[in-house]
Amino acid sequence: MTDLLISPQQQPGRPDGPSLAANRAGDRLDRAALRELAYHSREVLKLGQAENGALIACPNFPVYRYCWLRDGSFCAHALDRTGQPGQAAAFFRWIGRTLAGQEGKVRSALDRHAAGETLAATDFLNTRYTLEGSEESGNDDWWNFQLDGYGTWLWAFAEHLRRFPDEKLREELLPAVELTGRYLAAFWRLPNYDCWEENLEDIHPATLAAIYGGLTAAARLYPASEVCQQGKKQASTLRRFVKAHGLESGSLVKSLGRLDVDASLLGAGVPYGLFPPRGKTMLTTLDRIANELVAPDGGVYRYRQDVYFGGGEWLLLTAWLGWYYTQAGQRKKALDCLHWVARQARPNGEMPEQVAHHLLASEHQKPWEEKWGLAASPLLWSHAMYLILYTALFGEGYL
Ligand code: BGC
C-alpha cells in the first residue's frame, strides 16, 4: 500500500497544545482553542494524504484505509479553504489518473446500457480505491455502487478552480471530468447505494443532489465541452424528477417512497444547490432535520433508523448543519454546531466519525465493535467538515 506521510500509529503533532487541553472542560471553547483545533485538523488532512495525492478516509480503522471520492473531495475542499491549494490539486490529479484507469470499465458500462442490457452492481465504478488508485481485490465485498462521490468530486474541483484558477489543471482534467459527466448523465436514474453505503434498491434525493451539483459545476467550468453541456441538460431533467418524486409534504425524503428524512439531504441546499438554500423546499427539509435528527446535546444523527455502531451523533453532519446555517443567515446556531463538534475532539485533538452519547440503537454498538473495532478516529471527513464550518464562520485563508 502507498505510504502516507505519517504512519497510522503516529498521529499528528500538537496534541498537547495548551489550549486544546485547557479548554475542554467548559461548555464553550474559547476562540484560541477553536483555532487550535482548526490547525490540528488541517494537519490531520495533510498527514493523511499520500505522496501521490490520495486522501485516506481514516488511517487507524482497517476498513477505511482507502480513498473515497466523497470523503476525499470534502477534504480537498477544506484544504482549499485553509490555504493548501497545492494539496487539493494533488488530490484532483490523483482522481484524474485513477479515472483514466477506469475508462474501459465506463465505456463498457455505457455501451451495454445503451444496448439495453441490465448491468450488475459490480459493473459500475467503485466508490473507493486503494491509495494507489486501483480497485481493491475482492471487489464484491464493499458496497461499491454509489454515484454521489462522482458528483461531489466535480463540485469540489470546480470550487478549487474558482478559488485558484489554473488553466493547465483545468485542461489536464477535462478527460476525467467528461468521463464522469457521461457516466452520471447515463446512470443517475438507477437505484444505487446511498452515501452511507446502504439501500442499493432505492433512489436517494441526496445522491441526486450531489450529481446535480457535479453536472452543473462541470458545465460552468467547461462551457465549450459538448459532454458537459449535455450533462447540464440531464441535471435539469434530474431536478424535475426530484420535484416530482422526491418530496413529501414539501420536504425532501431520504429515498423515493419513504417518508423519513436523512441529514445528508442538507447537501441539496448547501453545497450542491439543487434547491435554493433559503427557499421553501430546503427550509422545510432543514426544519425536519433540525427537529427529528438533532440529539438533546446538539449532535446530528444520520437518520432515525440508523444502527451503525449503535447509531450515534456524527461530527461531520453537525458541522454540515452549521455550514448550512451560515448560508441561511443563522450565525448563532452555526456557532453552536461548531462548539459541539469541537467538544467531541479527543484530548489529542482527534475527531472521530461519531460519538455515543445518545445512541439510537445501543444494542447494535457492541456487535459492530466486535466486527471492526472502535468507531473510526480520526476520520478525515470529520476534520474537513470542521474546517469548512470554521472557515465559513471566521473566513477562509491561511490559518
Ligand atoms: C460512511 C461513508 C463514508 C465511509 C468512509 C462509511 O461508514 O457511511 O459515508 O464515506 O464510511 O468514511
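Attention in this report is confined to the structure presented alongside it.

**Side note on the overall build of the protein**
Broken down by element type, the protein carries 15 helices and six strands. The C-alpha atoms of the protein give a radius of gyration of 20 Å, which matches the 21 Å a tight globule of 399 residues would have. Judged by the C-alpha coordinates and their principal axes, the protein covers about 65 × 50 × 40 Å. Taking all 399 residues of the protein together, 59% fall into the buried category. Put simply, 73% of the contacts in the protein that link residues at least 6 apart link residues at least 24 apart. Accessible surface, the protein: about 15100 Å² in total, of which carbon and sulfur atoms supply 51%. Where the 42 positive side-chain charges of the protein centre and where its 46 negative ones centre are 7 Å apart.

**Considering the pattern of salt bridges**
Under the counting rule described, the total for this entry stands at 25 salt bridges. Residues Arg70 and Glu197 are paired through a salt bridge, measuring 3.3 Å at the closest nitrogen-oxygen approach. Residue Arg70 is located in helix H3 (residues 69–81), and its partner Glu197 is located in the loop between helix H8 (174–187) and helix H9 (205–221); the two are separated by 127 residues in the primary sequence. Across the pair, Glu197 and Arg70 agree in class, each one buried. For Glu159, the salt bridge is made with Arg162, and the minimal N-O distance between the two is 2.9 Å.

**Things to note about H3**
The terminal C-alpha atoms of H3 lie 18 Å apart, and with 13 residues this matches the ideal 18 Å at 1.5 Å per residue to within 8%. Among the 13 residues that make up H3, 13 are buried, leaving the element largely enclosed by the rest of the structure. Downstream of H3 by a residue or two, Gly83 has a phi angle that is positive, lying close to 80 degrees.

**A few points about the site of the ligand**
Lining the immediate surroundings of the ligand are 13 residues, of which Tyr64, Arg70, Asp71, Cys195 and Arg302 lie closest. Here an oxygen atom of the ligand sits 3.0 Å away from a polar atom, N or O, in the side chain of Arg70. The side chain of Asp71 places a nitrogen or oxygen atom 2.6 Å from an oxygen atom of the ligand. Burial of the ligand by the surrounding chains reaches 98%, relative to a free accessible area of 310 Å².

**Here's the deal with the state of the cysteines**
Inspection of every chain in the model, using the stated rule, returns zero disulfides. The cysteine Cys75 is free of any disulfide, with Cys67 supplying the nearest cysteine sulfur at 8.4 Å.

**What about unusual backbone geometry?**
Along the chain, Val270 connects to Pro271 via a cis peptide bond; the corresponding omega equals 10 degrees. Residue Pro378 follows Ser377 across a cis peptide bond; omega there is -5 degrees. Locating Pro378 in the fold gives a position in the loop between helix H14 (365–372) and helix H15 (380–394). Residue Glu197 is not a glycine yet carries a positive backbone phi of 65 degrees. Of the residues examined, Glu197 reaches a relative accessible area of 12% and is grouped as buried.

**So, the side chain of Gln87**
Along the polypeptide, Gln87 turns up in helix H4 (residues 85–100). Judged by relative accessible area, Gln87 falls into the buried class, the value being 19%. At a separation of 2.4 Å, a polar atom in the side chain of Gln87 contacts the side chain of Gln49. In this view, Gln87 contacts Lys46, Gln49 and Leu79; residues no more than four positions away in its chain are not counted.

Rules used throughout
Residues numbered from 1 in each chain as written. Predicted model: local features only at pLDDT ≥ 70, side-chain atom pairs only at ≥ 80, totals over all residues. Heavy atoms only, no water. Helix = DSSP H or I, 4+ residues; strand = E, 2+ residues; numbered from the N terminus. Rg over C-alpha atoms; globule rule 2.2 N^0.38 Å. Buried < 20%, exposed > 50% of the residue type's maximum accessible area, 1.4 Å probe, protein only. Contact = heavy atoms within 4.5 Å. Areas by Shrake-Rupley, 256 points an atom, 1.4 Å probe, with all protein chains shown as cover. Lys, Arg positive; Asp, Glu negative; His and termini not counted. Charge placed at Lys NZ, Arg CZ, Asp CG, Glu CD. Salt bridge = Lys/Arg side-chain N within 4 Å of Asp/Glu carboxyl O. Expected span 1.5 Å × (residues − 1). Near = heavy atom within 4 Å. Polar contact = N/O pair within 3.5 Å; in protein donor to acceptor, adjacent residues only side chain to side chain. Disulfide = S-S within 2.5 Å.

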